[in-house]
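Understanding the architecture of this molecule
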Amino acid sequence: MHKIGWLRVPLVATYAFLYIPIAVLVVMSFNASKNPFNWAGFSTKWYSALFDNELIRQGFINTMIVAVGATILATILGTLLAIGVARYFRSAVVEAYSLAPAIIPDLVLAIGLLAFFALIGVTLSLFSVLLAHVVFGMAFVSAVVIARIGQTDSSLEEASRDLGASATTTFFRITLPSLAPGIIAGALLVFTLSLDEFVVAYFTDGPSTPTLPIVIYSMVRFGVTPEINALAALLLLVSFTIVISAQRITRLTDAV
Amino acid sequence: MTLETPLLSISGVSKAYGDVVALDNVSLDIRQNEFFALLGPSGCGKTTLLRSIAGFEDPDAGTITILGSESTTPINLLSLPPNKRPVNLMFQSYALFPHMNVRKNIMYGLQREGLSKEEIAQRVDEVLITTGLTDKAAVRPAQLSGGQRQRVALARAIVKRPRLLLLDEPLSALDRKVRAEMQIELKRLQHEVGITFVVVTHDQEEAMSMADRIAVMHEGRVQQIADPVTLYAQPANVFVADFIGSGSLLHGVANQGSFSAYGSTFPCHNPDQIAGDAVLVLRPEEVRITAAAPTDNPLMVGSIIETHFYGGSSSTTVRVAGVDHPIVASHPGAPQYIVGDQVGLSWNPQSAVLLQVQP
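Residues numbered from 1 in each chain as written. Chains lettered and ligands numbered in written order. Predicted model: local features only at pLDDT ≥ 70, side-chain atom pairs only at ≥ 80, totals over all residues. Heavy atoms only, no water.

1. Describing the overall build of chain B
When helices and strands are tallied, chain B shows eight helices and 20 strands. Over its C-alpha atoms, taken along the principal directions, chain B stretches across nearly 80 × 45 × 40 Å. With 359 residues in all, chain B has 47% of them scored as buried. Excluding contacts between residues fewer than 6 apart, the proportion of contacts in chain B whose partners are at least 24 apart in sequence is 66%. Taken as a whole, chain B presents about 16,300 Å² of accessible surface, with 51% of it coming from carbon and sulfur. (Helix = DSSP H or I, 4+ residues; strand = E, 2+ residues; numbered from the N terminus. Buried < 20%, exposed > 50% of the residue type's maximum accessible area, 1.4 Å probe, protein only. Contact = heavy atoms within 4.5 Å. Areas by Shrake-Rupley, 256 points an atom, 1.4 Å probe, with all protein chains shown as cover.)

Next comes the structure, spelled out in structure tokens:
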């Protein structure tokens with residue numbers, strides 16, 4: 001392997017392409033100057049400014065309400081959907097339809113949901129954003145859990161029944177624990193997706209309860225401030241933590 | 001033959017999946033404490049039958065009953081869900097719960113019975129000793145070898161003290177050496193715990209070496225039920241003769257004490273007065289190799305195409321002109337002839353089994 005060391009050049013270049021913009025953002029969030037072309041020394045003042053900004057604080061709370069609620073609902077429904085599809089419909093078409101909301105363009109989903117909410121007379125609010133996020137979140141959870149079911153020995157449930165367990169006991173003591181790595185990974189995925197979701201939220205949110213991405217969007221229209229950089233850096237931190245812990249959880253529970 | 005009521009009684013069981021018939025009017029009895037094997041090629045229905053006993057398949061017709069532990073009236077198994085049947089199944093994949101350690105895997109079934117903590121602990125400890133797993137109790141299945149996993153699966157099933165233990169291809173996931181050890185181990189355990197075993201296998205050597213009685217199955221039907229020696233020496237039909245043991249089958253026509261095939265006539269033992277299309281079964285150890293000279297009265301003459309020396313014994317494969325497949329002879333010691341030699345073949349007419357070919 002070490003003999004083809006020159007292959008490292010495109011590797012490094014690719015990573016640089018991926019991460020330099022993010023690195024610049026993080027560095028600029030600590031710039032004392034408001035001017036991105038002028039480094040005026042290290043400062044954390046933009047971070048403290050963030051916490052004083054009422055609009056951002058409210059946006060953060062709104063986003064957390066949506067993300068936590070959507071994660072819980074999407075995880076429960078997505079898991080049940082995955083088990084149902086895997087157990088009763090051994091059909092690629094049914095499986096594909098359960099995944100579709102994860103794949104179709106956000107814009108299409110957003111317009112569709114907006115039209116649907118209008119049709120059934122739901123007032124746009126945080127609740128409608130939450131429901132909208134459950135729609136695609138569920139699809140992601142079921143995709144991950146279906147993959148997990150594929151790796152799980154299908155006779156585990158029969159073995160449990162054979163050893164004297166009822167169907168309910170089998171579900172809670174065997175089915176759920178053996179799918180846990182997939183369920184947890186799916187939940188964390190939905191949480192990170194919901195956290196920074198803009199398009200669907202923009203279409204389905206009420207005017208008085210903007211989520212954090214909507215708040216950022218309205219601020220950015222007047223130029224990127226270092227405050228926004230600080231906020232983005234924090235979001236990055238949260239997403240990275242979740243992704244890494246998701247990987248760790250999956251690996252830990254897999255190494256049984 | 002004993003007159004006791006059989007432990008498990010299968011009667012007229014049929015099962016079809018669409019047009020595919022998996023079980024066709026299967027009836028058999030399994031006795032108390034016996035080591036019974038369901039043997040057949042894949043797709044013969046043996047696994048469907050096993051799963052019907054365990055409760056994971058619902059036969060279209062027929063009954064399966066089992067003697068209860070106290071009462072002498074048989075219980076109708078088919079009316080019970082799998083978790084209420086006094087039988088346990090050891091799965092081919094072992095189906096160990098990956099999120100539980102060995103001890104918890106074994107405890108699982110006892111906890112479902114609502115036994116006291118003390119009794120569960122005591123029974124689990126006992127079975128850990130019986131299966132030699134005491135030092136693995138805290139380990140998760142993923143860290144065990146194939147043989148150890150099989151022991152856990154076995155322990156998890158026998159700790160329930162079922163009336164009947166069903167084993168689905170118990171040795172197929174093991175490599176050759178471990179398989180030989182586990183064959184002996186299974187026999188030992190069966191004696192030790194005194195549970196009736198029903199093993200499904202496609203491996204005739206495995207079935208022959210372990211089972212007290214074997215049911216040979218083919219295309220959803222039971223072909224013959226007998227002990228291993230009878231199956232080998234007196235196969236009921238051509239399928240059983242071909243499937244059990246090795247040997248050459250000569251296709252020909254039987255007629256009043258003689259058997260004609262490939263333009264020659266051979267003496268044969270024909271107590272059943274078989275007439276018409278028939279098959280003569282020549283087991284390798286019954287075939288003698290002699291010189292080709294007519295003075296030795298060979299029944300057939302051919303040339304050697306292969307010899308194998310196994311240490312204590314050897315086998316010689318002979319091609320006879322006009323016979324579509326070669327004839328194998330085995331004998332103690334080293335091969336007496338080399339490839340290319342012309343030799344004579346003969347056998348004792350009493351030891352070659354003649355079977356009617358069903359039209």
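2. Quick look at the overall build of chain A
If you tally the helices and strands in chain A, you get 11 helices and zero strands. Along the chain direction, N to C, the helices and strands of chain A fall in the order α-α-α-α-α-α-α-α-α-α-α. Dimensions of chain A along its principal axes, counting C-alpha atoms only, are 70 × 65 × 30 Å. By residue count, 38% of the 256 residues in chain A fall in the buried class.

3. Looking at the interface of chain B and chain A
Across the boundary between the two partners, chain B contributes 26 residues, which contact 19 residues of chain A. Approximately 2,000 Å² of surface area, both sides summed, lies buried where chain B meets chain A, with 58% of it carried by carbon and sulfur atoms. For chain B, the biggest contributors to the area lost against chain A are Asn83(B), Tyr108(B) and Arg112(B); these three give 28% of the whole. Scanning the region where chain B abuts chain A turns up one salt bridge. In this structure, Arg51(B) engages Glu158(A) in a salt bridge whose closest nitrogen and oxygen atoms are separated by 2.8 Å. Between the two partners, chain B and chain A, sit 10 residue pairs in polar contact (both at pLDDT 80 or more). Counting residues per element, the ones that place at least two in the side of chain B that touches chain A are helix H1 (46-54), strand S6 (87-90) and helix H2 (102-112) of chain B. (Buried area = accessible area lost by both parts, 1.4 Å probe. Salt bridge = Lys/Arg side-chain N within 4 Å of Asp/Glu carboxyl O. Polar contact = N/O pair within 3.5 Å; in protein donor to acceptor, adjacent residues only side chain to side chain.)

4. Considerations on the domain arrangement of chain B
Many structure descriptions define interface size as the accessible area lost when the parts assemble. Looking at chain B, the domain boundaries give domain 1 (8-233) and domain 2 (246-356). Put simply, the middle of domain 1 of chain B and the middle of domain 2 of chain B, counted by C-alpha atoms, are 40 Å apart. (Domains from an automatic or database assignment.)

5. As for the sheet that holds strand S1 (residues 8-17) of chain B
All names here are of chain B. On the basis of which strands lie adjacent, the open sheet formed by four strands has the order S2-S1-S4-S5 and antiparallel pairing. Only two strands of the sheet have a single partner each, and these edge strands are strand S2 (20-30) and strand S5 (74-76). Neighbouring strand axes in the sheet, compared pairwise and without regard to direction, differ in orientation by 25 degrees on average. Sheet analysis places strand S4 (residues 61-67) next to S5, joined by three bridges and oriented antiparallel. (Pairing = 2+ DSSP bridges. Axes fitted to C-alpha atoms, helices over the stretch in contact; angles between N-to-C directions.)

6. So, helix H8 (residues 167-195) of chain A
Along its 29 residues, H8(A) runs just 36 Å from first to last C-alpha, ending more than 12% under the 42 Å computed at 1.5 Å per residue. Taken as a whole, H8(A) carries its principal kink of about 60 degrees at Ala180(A); the proline Pro181(A) stands between one and four residues after it. (Expected span 1.5 Å × (residues − 1). Bend = angle between axes of the 7 residues up to and from the residue.)

7. Considerations on helix H3 (residues 54-88) of chain A
Between its first and last C-alpha, H3(A) extends 50 Å over 35 residues, near the 51 Å set by a 1.5 Å rise per residue. Between the side-chain oxygen at the start of H3(A) and the backbone nitrogen of Leu55(A) there is a gap of 2.9 Å, and the oxygen is on Asn53(A).

8. Observations regarding the sheet that holds strand S13 (residues 264-267) of chain B
Residue and element names in this part refer to chain B. In space, the five strands of this open sheet follow the order S13-S12-S11-S14-S20, with antiparallel pairing throughout. Each edge of the sheet is formed by a strand with only one pairing partner; in this case those strands are S13 and strand S20 (353-356). The mean inter-strand angle of the sheet, taken between neighbouring strand axes irrespective of direction, is 40 degrees. Strand direction decides the pairing type here: strand S11 (residues 248-255) and strand S12 (residues 258-261), joined by three bridges, are antiparallel. If you follow alanine 254 over to S12, its bridge partner there is phenylalanine 259.

9. Looking at a nonpolar patch on the surface
Residue and element names in this part refer to chain A. Taken together, the side chains of Leu11, Tyr15, Leu18, Tyr19, Phe240 and Ile244 define a hydrophobic patch exposed on the protein surface, amounting to about 620 Å² of accessible area. Of all the secondary structure elements, the ones that give two or more residues to the nonpolar patch are helix H1 (8-29) and helix H11 (226-254). Of the residues forming the nonpolar patch, the biggest block, four residues, is contributed by H1. Note that leucine 18 resides in helix H1. (Patch = residues over 30% accessible without salt bridge, like charges linked within 9 Å, V, L, I, M, F, W, Y side chains within 5 Å.)

10. Topic: the pairing of S12(B)
Residue and element names in this part refer to chain B. Burial along S12 is one-sided: the face carrying Phe259 and Ala261 is buried and the face carrying Ser258 and Ser260 is not. Counting the residues that bridge the hairpin from S11 to S12 gives two residues, and of these glutamine 256 lies at a positive phi of roughly 45 degrees. Pairing of S12 with S13, which is carried by four bridges, proceeds in the antiparallel orientation. Bridging from a neighbouring strand, serine 260 pairs with threonine 265 of S13. Hairpin connection from S12 to S13: two residues lie between these consecutive antiparallel strands, with tyrosine 262 at a positive phi of about 50 degrees.

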